[in-house]
Amino acid sequence: MTSSLLHFPDPFKALAKLSALVVGPIGGVIMTPDGEVEVYTHDELRNIVKNHDFLVCNLPVVSRRLATDLSRCFDVLELFAFVRPAEFCLPLPLGLSKALKMPFPCIEQEEEALVLIKSAEQLIIELSEVDYQYPEGVKAIGYNMAEAGWRWGPLVMGALGNAERHDGYQVWNHLSEWEEKAPPPPPGQENILKEEARKRLTDLLGLKAEKRVGQFLYAECARHAFDMPHDEEPSLVLSEAGTGIGKTLGYIAPSSLWAEKNGGTVWLSTYTKNLQRQLDQEMDRLYPNPALKNQKVVVRKGRENYLCLLNLQEISGQAAQSQGKILIGLVKRWVRYSRDGDMIGGDFPAWLGETFGVGRLSQLTDRRGECVYAACSHYKKCFIEKAQRKAKYANLVIANHALVMVQSATRQGEADLPNRYVFDEGHHIFDAADNVFSSHLTGQEGLELRRWIRGAEIKNRRGKGLKGRLDDLVADEEEAGQFMARVYAAAICLPADGWHTRIAEGNPIGPAEKFLWLIRAHIYSVSSGRDEFHSIETYTTNPSEELVEAAQNLRKALDELVGPLKRLSALLLKKLDMEADELDSATRNRLESISRSISRRAEILSDGWAPMLGAFLDDLPADTNFVDWFELSRKSGREVDVGMYRHWIDPSIPFSNIVLKPSHGALITSATLRDKLSDNQNPDIEWNSAEIRTGAAHFINPPMRHSLKSPFDYEKQARVFIINDLNIRNIDHLAAAYRELFVASNGGALGLFTAIGRLKQVYERLLAPLEEEHIPVFAQHVDPINVATLIDIFRTVEHSCLLGTDAVRDGVDVPGPSLRLCVFDKVPWPRPTILHKARRDHFGKGTYDDLLTRLRMKQAFGRLIRKNTDKGVFVMLDGATPSRLLSCFPENVSVERIGLAETIKNVKEFLA
């Protein structure tokens with residue numbers, strides 16, 4: 001311990017000199033510490049804030065609005081993250097007010113400014129108290145952050161009353177370790193009785209809760225997914241539960257009951273990480289005791305979501321820039337008190353990515369599969385290892401579709417794979433399977449594989465490489481060393497750092513880069529218009545002789561890489577077998593994990609890339625299950641990747657074979673499983689699309705099918721208007737329609753767009769008029785805030801508006817008046833890509849387009865009415881909306897085709 005050279009002032013005297021700055025879309029206010037308030041325009045504020053210190057909330061948003069440097073400002077959110085690590089806070093003054101239990105409504109900017117002043121005072125007071133709640137490491141981390149130039153550093157250290165450095169504190173030394181347990185025995189096979197399911201649901205709801213008949217019927221149906229398998233096929237249940245049935249608790253009841261009765265584990269899978277978080281919150285009803293919940297419920301995600309302690313340690317020692325050091329300090333504060341180390345959708349303050357850079361955060365996770373497992377000094381404290389082990393003994397595991405599919409594909413046949421599933425948001429299974437079971441032979445994919453094998457090849461870039469992860473395990477194995485060397489040498493065929501610049505300039509190096517260079521040339525030669533902003537795709541037909549030759553050379557090079565990779569994996573498994581009586585459990589786990597990782601990458605090459613090249617070269621028969629194409633990917637007009645793509649035409653085939661059929665039972669559920677074409681449609685036809693898109697159609701025995709209508713009175717609670725007099729191609733007219741509709745509803749509106757460009761143009765035109773009406777507006781793809789946080793903001797700020805695209809449409813769960821109006825810019829037809837054309841031809845041409853569009857509209861409408869007291873209006877601005885799509889709405893909802901002016905009047909009256 002050495003004496004500090006820094007001066008730490010009295011924090012309260014320092015705070016007494018700081019004014020609060022709040023900036024809206026068209027202006028802002030400054031409040032002095034004694035409460036004086038001045039209102040300014042953006043231009044006036046730009047001149048005032050130069051070289052001055054202010055309290056702000058969410059520095060990236062404020063900086064973006066003023067378009068000026070605010071690096072001298074004090075972001076109260078950063079102070080909150082330091083003082084209250086791992087606690088939730090919306091990145092708004094309102095969020096601070098709620099998190100700190102303040103009585104301010106935060107409707108006016110003056111109230112928001114007062115919250116900033118009071119929040120800073122309260123947090124500094126908390127920090128200086130003797131019984132401060134989060135004391136561990138606070139002085140050491142605070143000192144290092146102050147030394148790095150953190151604006152709050154001197155005030156924090158002044159509050160802590162300590163002016164000395166603490167070099168010895170390392171946060172990873174203070175985390176709990178997991179312990180090995182005996183493998184759990186196989187689960188029993190007792191079925192769930194109807195009376196048991198009803199009683200468990202009653203217990204979950206509590207005595208005072210409204211008893212919904214449909215919810216009990218749903219739970220009774222869901223229990224059949226836990227029946228004994230029959231005829232060598234799992235018990236499969238498809239259950240559509242309309243909005244308001246309460247399907248979440250409806251399937252938690254039999255799931256938890258089966259797990260308890262049989263000593264097994266049920267995996268509850270949903271589509272997005274945001275929905276995982278919502279499902280985790282529902283578990284508080286089942287396990288109100290946090291300690292018991294922590295034991296019985298585990299949230300599982302891909303390893304790239306969790307903090308890697310080894311990466312944190314390495315980056316802590318290498319961080320040179322002040323921003324990097326400050327971020328590391330906040331991460332260390334968080335990780336000590338985090339529930340599970342989840343950085344994506346867990347208790348990590350997501351807004352830190354916008355403040356300090358998403359790239360910096362991504363370096364803290366294992367995004368490239370470089371884990372050294374038991375060789376890591378933090379292995380016994382690893383969050384990923386903890387989650388994986390806890391999941392084996394938990395009653396319920398909350399996962400996502402992608403993780404379930406990847407796990408099933410990479411660990412086929414292993415005894416400890418889950419065998420009971422609930423797939424919520426089942427209408428997304430098709431899309432999730434499409435992403436997981438596809439193959440992309442692109443520059444970025446090739447570069448990632450090369451880095452995984454060869455490690456960092458550029459000075460100062462981090463990356464261990466396969467040799468660094470495996471060397472000590474096979475140090476005495478001459479044969480393994482030889483195969484390692486062959487793998488390392490063969491990987492030179494893959495794209496290297498800087499590949500994109502080289503192929504753009506026509507200077508490719510190696511077989512893969514030459515192949516990509518010729519694909520890029522082929523795309524430009526056959527594409528029409530040479531669009532310089534959007535991505536371009538072309539068929540793989542009629543390639544040049546040079547491209548065919550490049551494909552042949554690349555396939556030969558990949559064969560030279562696949563062989564030693566597979567041999568190396570086999571040698572590791574052989575070592576496990578031959579030395580079974582000598583290896584400790586940690587080494588065994590490490591050998592198994594690395595062998596599996598090597599095998600998985602070898603399969604990408606042999607089962608993914610090689611067949612793609614083989615079909616392309618016409619020396620293998622065309623596989624009609626797949627569609628191939630070339631694509632040049634662009635982001636905001638900038639080329640980011642190029643390559644060859646292969647997708648299943650029907651990805652429910654591998655999902656059914658790899659996930660469903662090896663299981664013992666599965667419930668697939670959603671509010672939007674079926675597609676209804678007309679009021680008098682045969683119910684069997686309605687279920688066809690559901691069975692096709694969920695994989696149920698590939699079973700010999702038909703699944704149990706069950707449907708429950710929403711309990712809402714849509715005739716009274718909802719309206720649907722289709723505008724028939726608006727030119728939606730005129731962006732000014734479109735923006736005016738959104739503006740007047742949002743004003744008519746007094747906010748609480750979701751604006752959905754089929755194109756990001758249109759969203760941004762409308763947003764620019766909405767800012768000033770909605771600001772004048774005191775209606776906050778937020779936008780995906782515009783605000784420097786992630787989608788999950790935007791939805792949290794929209795849910796909390798009752799009279800706000802949110803603009804977004806698909807991710808917002810599918811991820812919003814906003815009961816109550818916070819969402820009372822949904823406006824679509826145009827009919828959400830599928831984008832006409834090569835992949836969509838292949839599926840369209842396979843699944844029924846125009847009827848397939850209509851199916852997808854109806855499901856999207858049905859999903860959007862379903863966001864509106866979540867409770868019996870809700871009222872909502874759905875507005876389609878596209879007058880060309882075909883009548884055949886309107887069956888997506890409930891039967892008794894009123895649908896009218898009228899003009900914009902009349903719609904505005906009706907919206908105002910209906911929602912008044």
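Here we summarise the structure given alongside this text. (Residues numbered from 1 in each chain as written. Predicted model: local features only at pLDDT ≥ 70, side-chain atom pairs only at ≥ 80, totals over all residues. Heavy atoms only, no water.)

Observations concerning the pairing of strand 18 (residues 749–752)
Step number 1: Residue alternation in strand 18 divides its side chains into two sets, Ala-749 and Gly-751 and Leu-750 and Leu-752, and both sets are buried.
Step number 2: Sheet analysis places strand 18 next to strand 20 (residues 801–804), joined by 4 bridges and oriented parallel. Within strand 20, the position partnered with Leu-750 by the bridge is Leu-802.
Step number 3: Across 4 bridges, the pairing between strand 18 and strand 21 (residues 821–824) is parallel. Looking across to strand 21, one finds that Ala-749 is bridged to Leu-821. (Buried < 20%, exposed > 50% of the residue type's maximum accessible area, 1.4 Å probe, protein only. Helix = DSSP H or I, 4+ residues; strand = E, 2+ residues; numbered from the N terminus. Pairing = 2+ DSSP bridges.)

Some details on the packing of helix 31 (residues 731–745) against helix 37 (residues 900–911)
Step number 1: As a packed pair, helix 31 and helix 37 sit with axes 8 Å apart at the nearest point and diverge in direction by 20°. The angle between helix 31 and helix 37 falls in the class roughly parallel. Crossing of helix 31 over helix 37 shows right-handed handedness. Of the residues in helix 37, those touching helix 31 at Ala-737, Glu-740, Leu-741, Ala-744 and Ser-745 are Leu-900, Thr-903, Ile-904, Val-907, Lys-908 and Leu-911.
Step number 2: Class assignment for the residues of the contact of helix 31 with helix 37 results in 7 nonpolar, 2 polar and 2 charged. (Axes fitted to C-alpha atoms, helices over the stretch in contact; angles between N-to-C directions. Parallel < 35°, antiparallel > 145°, perpendicular 65-115°, else oblique. Left-handed = near helix turned anticlockwise from the far one by under 90°. Contact = heavy atoms within 4.5 Å. Nonpolar A, V, L, I, M, F, W, Y, C, P; charged D, E, K, R; others polar.)

Remarks on the packing of aromatic side chains
Step number 1: Tallied over the entire structure, the rule returns 22 aromatic pairs.
Step number 2: Here the aromatic rings of Phe-74 and Trp-152 are separated by 5.1 Å at their centres, their planes lie at 80°, and the arrangement is edge-to-face. Of the two residues, Phe-74 sits in strand 5 (residues 74–75) while Trp-152 sits in the loop between helix 7 (138–147) and helix 8 (153–160), which places them 78 residues apart along the sequence.
Step number 3: A ring pair is formed by Trp-178 and Tyr-379, whose centres lie 5.3 Å apart and whose planes are at 85°; its orientation type is edge-to-face. Remark: Tyr-379 occurs in the loop between helix 17 (358–362) and helix 18 (383–393) and Trp-178 occurs in the loop between helix 8 and helix 9 (194–205); sequence separation between them is 201 residues. Accessibility classification places Trp-178 together with Tyr-379 in one group, the buried group. (Phe/Tyr/Trp six-rings, centres within 6.5 Å; stacked < 30°, edge-to-face > 60°.)

Considerations on the pattern of salt bridges
Step number 1: A complete count under the given rule lists 52 salt bridges for this structure.
Step number 2: For the salt bridge of Arg-758 with Asp-825, the shortest nitrogen-to-oxygen distance reads 2.9 Å. Taken together, the residues Arg-758 in helix 32 (residues 756–772) and Asp-825 in the loop between strand 21 and helix 35 (834–843) connect sequence positions 67 residues apart. Comparing Arg-758 with Asp-825, the two get one shared label, buried.
Step number 3: Here Asp-849 makes a salt bridge to Arg-840, at a shortest N to O gap of 2.6 Å.
Step number 4: Accessibility expressed as a relative area gives 13% for Asp-849, which makes it buried.
Step number 5: One network of salt bridges, with partners in common, ties together Lys-392, Arg-411, Glu-414, Asp-416 and Arg-596. (Salt bridge = Lys/Arg side-chain N within 4 Å of Asp/Glu carboxyl O.)

A short note on the sheet that holds strand 20
Through backbone hydrogen bonds, the strands of a sheet pair up, either in parallel or in antiparallel fashion.
Step number 1: Taken together, the 7 strands give an open sheet; going across it, the order is 19-20-18-21-22-17-23, and neighbouring strands pair in parallel fashion. Whereas interior strands pair on both sides, the edge strands pair on one side only; in this sheet they are strand 19 (777–779) and strand 23 (894–898). Neighbour to neighbour, the strand axes of the sheet diverge by 15° on average, direction disregarded.
Step number 2: Across the sheet, helix 32 lies against strand 19 and strand 20, angled at about 165° from strand 19, the strand it touches most.

Here's the deal with the sheet that holds strand 12 (residues 536–538)
Step number 1: Spatial ordering of the open sheet is given by 11-14-13-12, a layout of 4 strands whose pairing is antiparallel. Edge positions in the open sheet fall to strand 11 (439–442) and strand 12, since each of these has one partner strand only. The average angle at which neighbouring strand axes cross in this sheet is 25°, direction not considered.
Step number 2: Here strand 12 pairs with strand 13 (residues 626–635) via 3 bridges, running antiparallel. Residue pairing in the sheet places Glu-537 in a bridge with Glu-631 of strand 13.

Thoughts on the nonpolar core
Step number 1: Residues Leu-55, Phe-82, Trp-152, Leu-307, Leu-312 and Phe-874 are the most contacted members of the largest nonpolar core, which totals 111 residues.
Step number 2: The element best represented in this core is helix 6 (residues 109–128), accounting for 8 residues.
Step number 3: Core analysis: the next-biggest nonpolar cluster, separate from the first, contains 63 residues, Val-372, Tyr-373, Ile-519 and Met-612 among them. (Core = buried A, V, L, I, M, F, W, Y, C linked by side-chain atoms within 4.5 Å.)

A short note on the pairing of strand 21
Step number 1: Side chains Leu-821 and Val-823 of strand 21 all project onto a buried face; the interleaved residues Cys-822 and Phe-824 project onto the opposite face, where all are buried too.
Step number 2: Examined bridge by bridge, strand 21 and strand 22 (residues 872–876) share 4 bridges and lie parallel to one another. Paired with Phe-824 across the strands is Met-876, a residue of strand 22.

Describing helix 10 (residues 213–222)
Step number 1: In terms of residue burial, helix 10 counts as a mostly covered element, since 8 of its 10 residues are buried.
Step number 2: When helix 10 is considered as a whole, its buried residues turn out to be Gly-214, Gln-215, Phe-216, Tyr-218, Ala-219, Glu-220, Cys-221 and Ala-222.
Step number 3: Packing partners of the buried residues in helix 10 comprise helix 9, strand 6 (235–241), helix 11 (247–262), strand 15 (665–670) and strand 16 (704–708).

Here's the deal with unusual backbone geometry
Step number 1: The backbone phi angle of Cys-106 is positive, close to 55°, even though this residue is not glycine.
Step number 2: Locating Cys-106 in the fold gives a position in the loop between helix 5 (93–99) and helix 6.
Step number 3: Accessibility expressed as a relative area gives 10% for Cys-106, which makes it buried.
Step number 4: Positive phi outside glycine occurs at Lys-845, with the angle close to 50°.

What about the side chain of Asp-849?
Step number 1: Along the chain, the position of Asp-849 falls in helix 36 (residues 846–861).
Step number 2: A polar contact is formed between the side chain of Asp-849 and the side chain of Arg-840, at a distance of 2.6 Å.
Step number 3: The residues contacting Asp-849, other than those within four sequence positions of it, are Trp-829, Pro-830, His-836 and Arg-840. (Polar contact = N/O pair within 3.5 Å; in protein donor to acceptor, adjacent residues only side chain to side chain.)

Observations concerning the environment of Glu-240
Step number 1: Tracing the chain through its elements places Glu-240 in strand 6.
Step number 2: Glu-240 sits in the buried class, given a relative accessible area of 3%.
Step number 3: It is 6.6 Å that separates the C-alpha atoms of Glu-240 and Thr-672, two residues lying 432 residues apart in sequence.
Step number 4: For Glu-240, the residues in contact, after removing those within four places along its chain, are Ser-670, Ala-671, Thr-672, Leu-673, Arg-674, Trp-687, His-706, Ser-707, Leu-708 and Lys-858.
Step number 5: In terms of polar contacts, Glu-240 uses its side chain to reach the side chain of Arg-674, at 2.7 Å.

So, the side chain of Asp-342
Step number 1: Assignment of secondary structure puts Asp-342 in the loop between helix 15 (322–337) and helix 16 (352–356).
Step number 2: Here the side chain of Asp-342 touches Ile-344 through a polar contact of 2.9 Å, landing on its backbone nitrogen.
Step number 3: A polar side-chain atom of Asp-342 sits 3.4 Å from the main-chain amide nitrogen of Gly-346.
Step number 4: Excluding residues that lie within four positions of it along the chain, Asp-342 makes contacts with Lys-301, Asn-305, Tyr-306, Trp-334, Asp-347 and Phe-348.

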